[in-house]
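Architecture at a glance
One letter stands for each residue in the lines below.
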Amino acid sequence: MVNYFLKASLERNQPITIIYMKDDEITERNIKVFEINNGNVRAFCFLRNQNRIFKIKNILSASFSQNGYKIAK
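Rules of the game
Residues numbered from 1 in each chain as written. Predicted model: local features only at pLDDT ≥ 70, side-chain atom pairs only at ≥ 80, totals over all residues. Heavy atoms only, no water. Patch = residues over 30% accessible without salt bridge, like charges linked within 9 Å, V, L, I, M, F, W, Y side chains within 5 Å. Areas by Shrake-Rupley, 256 points an atom, 1.4 Å probe, with all protein chains shown as cover. Salt bridge = Lys/Arg side-chain N within 4 Å of Asp/Glu carboxyl O. Lys, Arg positive; Asp, Glu negative; His and termini not counted. Charge placed at Lys NZ, Arg CZ, Asp CG, Glu CD. Helix = DSSP H or I, 4+ residues; strand = E, 2+ residues; numbered from the N terminus. 1 Å grid on protein atoms, 1.4 Å probe; cavity = no way out; pocket = protein on both sides within 12 Å on 5 of 7 lines; lining within 4 Å. Points joined across faces, edges and corners; volume = space filled by probe spheres on them. Nonpolar A, V, L, I, M, F, W, Y, C, P; charged D, E, K, R; others polar. Pairing = 2+ DSSP bridges.

On the surface, K22, R48, K55 and K57 cluster together into a positively charged patch. Relative to the assigned elements, K57 resides in the loop between β4 (50-55) and β5 (59-64).

Pasting the structure below:
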C-alpha cells in the first residue's frame, strides 16, 4: 500500500504523510515525491524543509496528507 501512495504523490504532484523509521527513531513526515528509484524515494520533506532521500523499506505507512500543503510549480 505504501507504493500506491508514493506513486500517487509522484503522478499527482500531491503531498503525502509517511511514518518513517530511521535507526530507532520514528517520525511523521509530510513529503512530496520527485523520484522513485532502486528502493529509494527522493522527495521534498516539509519537516526538514529540504529535499531528502528516504528508503522505501523504512516507510512504515503512508496516506494522503490532510494538512493542505501546497506545492509551488
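We are not done yet, so read on.
Now for the layout of surface pockets. Considered as a void within the structure, the largest pocket measures approximately 160 Å³ in volume. The wall of the largest pocket is formed by Y20, K22, D23, E25, T27, R29, R48, R52, I53 and F54. For the lining of the largest pocket, the secondary-structure elements that each account for two or more residues are β1 (16-22), β2 (25-37) and β4. For the lining of the largest pocket, the per-class residue count stands at three nonpolar, one polar and six charged.

A few words now on the pairing of β4. Bridging between strand β3 (residues 40-45) and β4 involves six bridges; their strand directions are antiparallel. Paired with R42 across the two strands is I53, which belongs to β4. Linkage of β3 to β4, two consecutive antiparallel strands, is achieved through a turn of four residues, within which N49 is found at a positive phi near 60°.

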